[in-house]
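# Secondary and tertiary structure notes
Here is what each chain is made of, one letter per residue.
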Amino acid sequence: SGIVHRDMKPDNIFLIQRGQTRDFVKVLDFGIAKVGGAASKLTKTGTVFGTPHYMSPEQAAGQTVDQRTDIYALGVIMYEMVTGKVPFDADTFMGILSKHMFEPPRPPTEVGEKADLGALEPVILRALAKKPEQRYQSMDDLIVDLGLVRSGERPNVPMTAVPVPNLGPRVNEFARNAPAQTIVQ
């Protein structure tokens, strides 16, 4: 609908009865939403508005945002749904924002109950891609892949959207001590 919510989080998502639909999803609190290309006092570049645990990297940096910011926030919500934890946490507001901007999320299967998520994990990680161009470009694209997961199929998620796992201190130690030609090969 051309609206960028900019504060998607579990507190703003309700399941309600609407007609015959029992679990109709209703999104609330459009207090900092941006409609289309409309100018707003809340859209000034360099100003950060929203809830830190659910902010996209570009939103955390005070940059211009679009629908992919809400896709990132939905990725955080899905991550939290399957692990019981948000992907990034810290003791301070700025600490959380820094992690959104610079740290890759741990894959959900390495967090919490370590459930087998199958094809859902790469979908969540693509929604959490640091670069907006590597995320889903629209909610419709995300819905298509969620539909594939639901039907037991595996969506085609580009590997550039999935973060590289931390290889651990042993690999880092090897890289520090190995001859340069070994690393290049």
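As the structure is a computational prediction, the values presented were derived from the model and not from experiment.

### Quick notes on helix α4 (residues 120-127)
Burial runs high along α4: eight of the eight residues are buried. Taken together, the buried positions of α4 are Leu120, Glu121, Pro122, Val123, Ile124, Leu125, Arg126 and Ala127. Looking at the buried residues of α4, the elements they touch are α2 (67-83) and α5 (139-150).

### A few points about the confidence of the model for the protein chain
Overall, the prediction assigns the protein chain a mean pLDDT of 79, with 72% of residues at 70 or greater. Across residues 170-185, confidence stays below pLDDT 50; counting only partners more than four residues off in sequence or on other chains, it has three contacts.

### With respect to the pattern of salt bridges
Taken as a whole, this structure holds two salt bridges when the rule is applied. Between Arg68 and Asp66 there is a salt bridge, and its shortest N-O distance comes to 2.7 Å. Among the residues examined, Arg68 registers a relative accessible area of 16% and is labelled buried. Take Asp66: its relative accessible area is 23%, and that puts it in the partly exposed class.

### Here's the deal with the pairing of strand β3 (residues 21-27)
As a general feature of sheets, a regular strand has side chains that alternate between the two faces. Relative to β3, strand β2 (residues 13-18) runs antiparallel, the two sharing five bridges. Within β3, the position partnered with Arg18 by the bridge is Thr21. The loop that links β2 with its antiparallel partner β3 comprises two residues; one of these, Gly19, has a positive phi angle of about 60 degrees.

Reading the values: rules and limits
- Residues numbered from 1 in each chain as written.
- Predicted model: local features only at pLDDT ≥ 70, side-chain atom pairs only at ≥ 80, totals over all residues.
- Heavy atoms only, no water.
- Buried < 20%, exposed > 50% of the residue type's maximum accessible area, 1.4 Å probe, protein only.
- Helix = DSSP H or I, 4+ residues; strand = E, 2+ residues; numbered from the N terminus.
- Contact = heavy atoms within 4.5 Å.
- pLDDT = per-residue confidence, 0-100.
- Salt bridge = Lys/Arg side-chain N within 4 Å of Asp/Glu carboxyl O.
- Pairing = 2+ DSSP bridges.

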